[in-house]
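Chain by chain, the residues:
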Amino acid sequence: MYKGQSFYNGITFKECVTDYALATGCNLKQYRYDRDRIGFRCVGAKGKCQWKVYAASLHNESMWRITKYTNTHVCVPNGECEMFKVPVIARLFLDKIREEPDYYMPLKMEQTIMEKWKISATRGQCQAARRKALAWIASEYDTQFERLRDYGAEILEANQGSVVEIDTVKNDAGHDVFKRFYVCFDVLRKTWKKTCRPLIGVDGCFLKEKIKGQLLVALGRDADNAIYPIAWSVVQVENTDNWSWFVNRLKIDLELGDGDGYIMVSDRQKGLIKAVELELPKIEHRKCVRHIYGNLKKTHPDKKQLKKLLWDLAWSYNTRDYEERLERIHAYDSKVYEDVMKTKPKTWCRAFHKIDSYCEDVENNSVESFNNTINKVREKPFVAMLETVRRLAMVRIGGFRFKREEEVVGSGFKCYPVINCFHTGLRWVSIGFTNKTV
Ligand SMILES: [Zn+2]
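Residues numbered from 1 in each chain as written. Predicted model: local features only at pLDDT ≥ 70, side-chain atom pairs only at ≥ 80, totals over all residues. Heavy atoms only, no water.

Within the element layout of this structure, Ser244 appears in helix α6 (residues 240-253). Contacts of Ser244, omitting those with residues within four sequence positions, involve Ala275 and Glu279. (Helix = DSSP H or I, 4+ residues; strand = E, 2+ residues; numbered from the N terminus. Contact = heavy atoms within 4.5 Å.)

This next bit is on the side chain of Ser162. Within the secondary structure layout, Ser162 lies in the loop between α4 (123-158) and β6 (163-170). For Ser162, a relative accessible area of 10% corresponds to the buried category. A distance of 2.9 Å separates the side chain of Ser162 from the backbone oxygen of Asn159, its partner in a polar contact. Within polar-contact distance, the side chain of Ser162 engages the backbone nitrogen of Asp186 at 2.9 Å. The contacts of Ser162, once residues within four sequence positions are left out, are Leu156, Cys184, Phe185 and Asp186. (Buried < 20%, exposed > 50% of the residue type's maximum accessible area, 1.4 Å probe, protein only. Polar contact = N/O pair within 3.5 Å; in protein donor to acceptor, adjacent residues only side chain to side chain.)

A four-donor tetrahedral metal ideally has 109.5 degree angles, and a six-donor octahedral metal ideally has angles of 90 or 180 degrees. Here the zinc ion is held by Cys42 (SG), Cys49 (SG), His73 (ND1) and Cys75 (SG), and the distances to it run 2.1 to 2.3 Å. Geometry at the zinc ion is tetrahedral, judged from the four donor atoms that bind it and their angles of 100 to 120° at the metal. Here the donor residues of the zinc ion share one chain and are spaced in sequence as C-x6-C-x23-H-x1-C. Remark: Cys75 occurs in the loop between β5 (64-70) and α2 (86-99) and Cys42 occurs in strand β3 (residues 37-42); sequence separation between them is 33 residues. (Donors = N, O, S within 2.8 Å, 3.2 Å for Na, K, Ca; no water. Tetrahedral: all angles 85-135°; square planar, octahedral: opposite > 155°, others 65-115°.)

This brings us to the sheet that holds strand β11 (residues 263-266). Spatially, the seven strands line up as an open sheet ordered β6-β7-β10-β9-β8-β11-β12, and their pairing is mixed. Either end of the sheet is taken by a strand with one partner, and the two such strands are β6 and β12 (284-287). The average undirected angle you get between the axes of adjacent strands in this sheet is 20°. Sheet analysis places strand β7 (residues 176-184) next to strand β10 (residues 227-235), joined by four bridges and oriented antiparallel. When the sheet's bridge partners are listed, Tyr182 is paired in β10 with Ser233. On top of the sheet, helix α5 (residues 186-195) reaches β6, β7, β8 (199-206), β9 (214-221) and β10; it is set at about 135° to β10, its chief contact. Set on the sheet, α6 makes contact with β6, β7, β8, β9 and β10; between it and β7 the angle comes to about 35°. (Pairing = 2+ DSSP bridges. Axes fitted to C-alpha atoms, helices over the stretch in contact; angles between N-to-C directions.)

Any functional reading would require information that these geometric values do not contain.
Below, the structure is given as C-alpha cells:
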C-alpha cells in the first residue's frame with residue numbers, strides 16, 4: 001500500500017487492507033465507515049500504534065484513492081485482529097467451502113485461520129461465516145447466469161470481431177435457463193489461422209459443485225508445438241447435440257470448410273466422433289493413444305507389457321513397422337490383440353497420419369495438460385471461472401513465448417525461424433518430423 005494508490009471501489013480497497021492484515025498479523029480496526037470514505041488504524045500496543053490508512057472516493061474521478069497513509073508500527077502482533085469479522089472470514093473461505101462444504105466446518109476453519117495467518121477467530125464467528133458463505137453460494141448460481149449476458153457484451157465490446165454465443169432454454173415457469181456458452185476471441189482465431197499448425201485438440205472436463213456442466217476446450221499447437229488455446233465453451237452435458245454445436249462453431253469461426261487439410265485429436269468420446277463426421281467430413285480425426293491404453297488396461301489389468309507394446313505400435317513410422325509391431329501384440333496375447341483391433345489402430349498410429357499434417361503427436365496430452373492448469377478454477381462461480389480461463393490462456397500464450405525466446409538465446413542456435421512467426425505473421429512451414437532440432 002502507498003499514498004496515492006487507486007482502487008476501483010471501496011471493496012477492493014478493503015480487500016487490500018485485509019491482505020495486509022493477514023500478511024502482517026497486525027490488529028487493524030476500521031474507524032471510518034462512510035459511503036465515500038473508509039479508514040483503518042492499528043489498535044495494537046494498547047492503542048499506542050500509529051499505523052493508519054485512509055481512502056476516499058474522489059468527486060472528480062470515479063476511483064478511490066489512498067489519501068493518508070502512516071506506515072509505522074510499534075505493536076507486536078499477538079493473534080488479535082478486530083477487522084477479522086464474520087464477512088471477512090466468509091469471503092476468505094468462500095472458494096474452499098464451495099469446493100468442499102463438508103470439510104470446512106467451523107472447527108476446521110478456526111484451525112486453518114490460526115495455522116495460516118496466526119489469527120484467532122472464535123467458533124461462533126466461524127459458524128456464522130460458514131452460514132454466510134453457504135448463503136452466498138446458493139444465491140450466486142442465479143446471479144451468475146444473469147451476469148453472463150453482461151460478460152458476453154463486455155467481451156464483444158472490448159474485443160471486436162470476437163464471437164460469443166449464449167444459448168438458453170425456457171423452463172416450466174417460462175424463464176430463460178442457461179443451456180450453453182461459447183467464446184472465441186478474434187485475435188486468437190486469427191493468430192491460430194495464420195501461425196499455428198492446422199491441428200485442433202478437443203476435450204471436455206467436468207465442472208464442480210453448483211454449476212453442473214462441462215467445459216469444452218479447443219486447443220491448437222503453435223510453431224514450437226506449445227499449446228495455443230483457441231476457443232472454449234460450457235455445456236450442460238457432453239452429448240452429440242452439444243459437441244455438434246461446438247464443432248460447428250469452430251468450423252465457422254476458424255473457416256475449416258469440410259475439414260480438408262486439418263487434423264483433430266481427441267479421445268474417443270462417441271458424441272464427438274459423430275459430430276466431427278457430420279460437420280467436418282474430410283478432417284483427419286486422430287484418436288488419442290493414451291485413452292485407448294486407459295480403456296485396454298481396464299480389461300487387461302495384469303498385462304504388464306501392454307503399455308510398451310501399444311506405444312511402440314502408436315509410434316510406428318511406416319506400415320512395415322506397424323505390421324511387425326501388431327504381430328508382436330498378437331504373439332503376446334491374442335485376446336489383447338483382438339481388443340486392439342477393435343480400436344481401429346490405423347486411426348491412432350503415426351504411420352497412417354498424413355505426411356503434411358505437420359505434427360507427429362499420437363496423444364492428446366496438450367489438451368489434458370491445459371485441463372490440469374484450469375483444474376483449480378473449475379469450482380469458481382461461472383463468470384469468474386470463464387474469466388480465469390481467459391486469463392490463463394493469456395498467460396499461457398504470453399508466458400511461453402517469452403520463456404522460449406530466452407531459451408533460444410542461451411542455446412547457441414544461430415537462428416530459430418519458427419520462433420518469430422507470431423511477430424512476423426508467417427505461417428508455420430512443414431519441416432517433417434524433426435521440428436525439435438531446427
Ligand atoms: Zn501496529
